[in-house]
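Notes for the structure review
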Amino acid sequence: MTVNELIEKTGLEPLCIPCPEREISGVYNCDLMSVVMSKGFSGAAWVTIMANINAVAVASLTDMACIVLSEGAAKDEVMLSKAKAQEINVLMSCEPIFETSLSIYNALKNA
Amino acid sequence: MSNLVLKYTVDNEDFTRAGEASSDVKKKLKMMGVPPEAVRKVAIAMYEGEINMVIHADGGEITVEITPTQIVMVLKDKGPGITDIEKAMQAGYSTASENIRALGFGAGMGLPNMKKYSDEMDIDTVIGVGTTVTMKVNI
Ligand SMILES: Nc1ncnc2c1ncn2[C@@H]1O[C@H](COP(=O)(O)OP(=O)(O)O)[C@@H](O)[C@H]1O
Ligand SMILES: [Mg+2]
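This is a predicted model, so every value here is computed, not measured.

About the cut-offs
- Residues numbered from 1 in each chain as written.
- Chains lettered and ligands numbered in written order.
- Predicted model: local features only at pLDDT ≥ 70, side-chain atom pairs only at ≥ 80, totals over all residues.
- Heavy atoms only, no water.
- Phe/Tyr/Trp six-rings, centres within 6.5 Å; stacked < 30°, edge-to-face > 60°.
- Helix = DSSP H or I, 4+ residues; strand = E, 2+ residues; numbered from the N terminus.
- Near = heavy atom within 4 Å.
- Polar contact = N/O pair within 3.5 Å; in protein donor to acceptor, adjacent residues only side chain to side chain.
- Areas by Shrake-Rupley, 256 points an atom, 1.4 Å probe, with all protein chains shown as cover.
- Nonpolar A, V, L, I, M, F, W, Y, C, P; charged D, E, K, R; others polar.
- Contact = heavy atoms within 4.5 Å.
- Buried area = accessible area lost by both parts, 1.4 Å probe.
- Salt bridge = Lys/Arg side-chain N within 4 Å of Asp/Glu carboxyl O.
- Buried < 20%, exposed > 50% of the residue type's maximum accessible area, 1.4 Å probe, protein only.
- Arc of directions from axis to C-beta.

The relative placement of two aromatic rings is captured by the distance of their centres and the angle of their planes. Residue and element names in this part refer to chain A. Here the structure, examined in full by the defined rule, presents one aromatic pair over all chains. Taken together, a centroid distance of 6.1 Å and an interplanar angle of 85° make the contact between tyrosine 28 and phenylalanine 41 edge-to-face. In this pair, tyrosine 28 is assigned in strand β2 (residues 26–29) and phenylalanine 41 in the loop between α2 (33–39) and β3 (44–48), connecting sequence segments 13 residues apart.

In C-alpha cells:
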C-alpha cells in the first residue's frame, strides 16, 4: 500500500506529502530517538508524538515511508519545511497512538 | 583509487541541523554502492555520535574516510570530556537535561548503539579538553 492509498483508506490528514507513491511495509511505534534509530525499518509508517525536526532526520536515516503525528502532537512549521526538503512524508491523526497504529495496521492487512 | 575524505562541522546546540552530517554520509555511501547493511551501521553510529556532540559537548568536527574495505569516522569535540567511560557506556545512563529528553534524546543508548553498530570503537577523552570518538565499520 502506498502513502497516498493509506490517506484515502484511513482519512489521516496529509501535512506534507513529497513522495505519495512510497510503499508502506509496516507500522512502527516509539518516541525515543536512539531506539528508533536501531529498530525503525525501511518503509515503516512511524506513529509518534515527536513533532520536531529531529524526527525528520531519524525518519530519513532509517528510510521510513512516513511519520504519522498523533496523540494531539502540534503541527510544527519548521519540521514540515525540513520534511519537504528531505522528502519525508508527514501525516497527522487526532487519535491516540494505539488507535492510529491499529487503523494503519488494519488498512495494510486488508490491502 | 585514493580514499575519499569528508569533513563536517557540527554546531553546538543547533538541533535544526543535527543529523545533517550523517544524512550526507549516508547519501554518498549509497551512491557509491556500499552494501545497505554497512550504510545502515554507519548512519546509526554516526548519528548517535553527532547528537552527542550537540547535546553533551560544544559541537566539533567530524572526519569520515571511505576506503575500499572500511569507513572510518572520527568525531572530535572540545566539550567537557567523559568522567567515567564505563558508566557512560551502560545502557540507560544519561546526564541529559529534561529539555533534551523532551525532544526524544537522553535515553542513554547512544554510546551502546555506537558500540553495537561499529566494528571497532575507541574513545579518547580528557576532562576539560574534549573527546574524540573513532569508529570503524567494515564494508
Ligand atoms: N561527546 C561527549 N562529551 C561529553 N560527554 C559525553 C559525550 N558523549 C557522551 N557523553 C556522556 O555519556 C553519557 C551517555 O551517552 P549516551 O549513551 O549517548 O546517552 P545520552 O546521549 O542519551 O545521554 C551522556 O549522558 C554524557 O554524560
Ligand atoms: Mg547520546
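To continue, consider the site of ligand 1. Residues and elements named next belong to chain B. Close to ligand 1 lie 18 residues; His56, Ser94, Thr95, Gly108 and Leu111 are nearest. Measuring from an oxygen atom of ligand 1, one finds a backbone N or O atom of glycine 108 at 2.8 Å. A distance of 3.2 Å is found between an oxygen atom of ligand 1 and a backbone nitrogen or oxygen belonging to glycine 110. Surface burial for ligand 1 is 94%, taken as the share of its 540 Å² of free accessible area covered by protein chains. Elements supplying a minimum of two residues to the shell around ligand 1: α2 (36–55) and α5 (110–117). A per-element tally of the shell around ligand 1 places α5 first, with three residues. Considered class by class, the residues forming the shell around ligand 1 number eight nonpolar, nine polar and one charged.

In many analyses, interface size is given as the accessible surface area lost on bringing the parts together. Listed as interface residues are 19 residues of chain A and, on the opposing side, 21 residues of chain B. Interface of chain A and chain B: buried area, both sides summed, is about 1,600 Å²; carbon and sulfur atoms make up 55% of it. Here chain A is connected to chain B by one salt bridge. Counting across the interface, chain A meets chain B through eight residue pairs in polar contact (both at pLDDT 80 or more). Secondary-structure elements contributing two or more residues to the side of chain A that touches chain B are α2 and α3 (53–61) of chain A. No other element matches α3(A), which puts six residues into the side of chain A that touches chain B. Of the residues assigned to the side of chain A that touches chain B, the class counts are nine nonpolar, seven polar and three charged.

Residue and element names in this part refer to chain A. Among the residues of helix α1 (residues 3–10), those classed as buried are Val3, Leu6 and Ile7. The arc that holds every buried residue of α1, seen down its axis, measures 100°, which confines them to one face. In α1, the exposed positions that point more than 90 degrees away from the buried face belong to Glu8 and Lys9. Two residues or fewer after α1 comes glycine 11, characterised by a positive phi angle close to 75°.

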